[in-house]
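# Structural overview
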Amino acid sequence: MRISMSLPKKLLNEFDEVLKDRGYQSRSKGIRDALKDYIVRYQWMNEMEGDRIGIIAVIYDHHYTGVMEDLTDIQHDYRDYINAVMHVHMTEKYCLEVIVVKGDVKYIRDLTEKIMRLKGVEHVKLTSTASGEKIDRT
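Treat the numbers as computed from the prediction; the structure is a model and nothing was measured. (Residues numbered from 1 in each chain as written. Predicted model: local features only at pLDDT ≥ 70, side-chain atom pairs only at ≥ 80, totals over all residues. Heavy atoms only, no water.)

A word on a nonpolar patch on the surface. A cluster of nonpolar side chains, Met-1, Ile-3, Met-5, Leu-7 and Leu-11, forms an exposed patch at the surface whose accessible area comes to about 630 Å². When you line up the elements, Leu-7 lands in the segment before helix 1 (9-22). (Patch = residues over 30% accessible without salt bridge, like charges linked within 9 Å, V, L, I, M, F, W, Y side chains within 5 Å. Areas by Shrake-Rupley, 256 points an atom, 1.4 Å probe, with all protein chains shown as cover. Salt bridge = Lys/Arg side-chain N within 4 Å of Asp/Glu carboxyl O. Helix = DSSP H or I, 4+ residues; strand = E, 2+ residues; numbered from the N terminus.)

Below, the structure written as structure tokens:
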């Protein structure tokens, strides 16, 4: 099936550079592979169950009106699952928040997806593992 999409010029140029570096002969093949990766990551996140511990890395444009307040409001709503937050000034425009989370993965997933939907947020990545309760210490 053929589709059409609009992309910012900078994003397309960066994507084309990645394709070139990885040896792709076709932009369409690169887009298919990127979409498959996105779907696999989504499925992985939805298949997790039980208590987890992890990190949510969030990159956002701190000049975007309201994004810092929205991010703080969401973190307050999920304070029972957040153990720590670290804020890093990356550039004049971008900040990184590293959010350490622990608890039922359904709430961690909800937290992650709410952050992903915020305008001004450029990138969100959840990395998690089992909560450590089952690690054998013998």
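This is not the end of the story, as more comes after the structure.
Turning our attention to the domain arrangement of the protein. Annotation of the protein at the domain level lists domain 1 (9-45) and domain 2 (50-130). The centre of domain 1, based on its C-alpha atoms, is set 24 Å off from the matching centre of domain 2. Of the residues lining the interface, four residues belong to domain 1; the matching set on domain 2 comes to six residues. Taken over both partners, the interface formed by domain 1 and domain 2 buries close to 450 Å², and the fraction arising from carbon and sulfur atoms is 62%. At the boundary of domain 1 and domain 2, one finds zero salt bridges. Looking at side-chain class alone, the side of domain 1 that touches domain 2 contains three nonpolar, no polar and one charged residues. (Domains from an automatic or database assignment. Contact = heavy atoms within 4.5 Å. Buried area = accessible area lost by both parts, 1.4 Å probe. Nonpolar A, V, L, I, M, F, W, Y, C, P; charged D, E, K, R; others polar.)

As a further point, take the UniProt feature "binding site: Ni(2+)" (unreviewed entry) in the protein. In the UniProt entry, the feature "binding site: Ni(2+)" (unreviewed entry) is given for His-76, His-87, His-89 and Cys-95. You can see His-76 is positioned in helix 3 (residues 67-77). Accessibility expressed as a relative area gives 48% for His-76, which makes it partly exposed. Following the sequence through the fold, Cys-95 ends up in strand 3 (residues 94-104). Take Cys-95: its relative accessible area is 2%, and that puts it in the buried class. Residues contacting Cys-95, with those up to four places away along its chain left out, are Val-58, Ile-59, Tyr-60, His-62, His-87, Val-88, His-89 and Met-90. (UniProt positions renumbered as here; feature names shortened; annotations may be inferred. Buried < 20%, exposed > 50% of the residue type's maximum accessible area, 1.4 Å probe, protein only.)

Moving on to the sheet that holds strand 4 (residues 121-130). With respect to topology, four strands assemble into an open sheet ordered 2-3-1-4, the strand pairing being antiparallel. The sheet is open, and its two borders are formed by strand 2 (82-89) and strand 4, each paired with just one other strand. Geometrically, the sheet is characterised by an average inter-axis angle of 15 degrees between neighbouring strands, direction not taken into account. Relative to strand 3, strand 1 (residues 51-61) runs antiparallel, the two being bridged by eleven bridges. Looking across to strand 3, one finds that Tyr-60 is bridged to Cys-95. (Pairing = 2+ DSSP bridges. Axes fitted to C-alpha atoms, helices over the stretch in contact; angles between N-to-C directions.)

This paragraph deals with helix 1. Counted at 1.5 Å a residue, the expected span for helix 1 with its 14 residues is 20 Å, and the 20 Å between its end C-alpha atoms agrees. Where helix 1 terminates, the next one or two residues include Gly-23, which has phi positive at roughly 85 degrees. (Expected span 1.5 Å × (residues − 1).)

Over its twelve residues, helix 4 (residues 105-116) extends 16 Å from the first C-alpha to the last, a length consistent with the 16 Å expected when each residue adds 1.5 Å. Along helix 4, the residues classified as buried are Val-105, Ile-108, Arg-109, Leu-111, Thr-112, Glu-113 and Ile-115.

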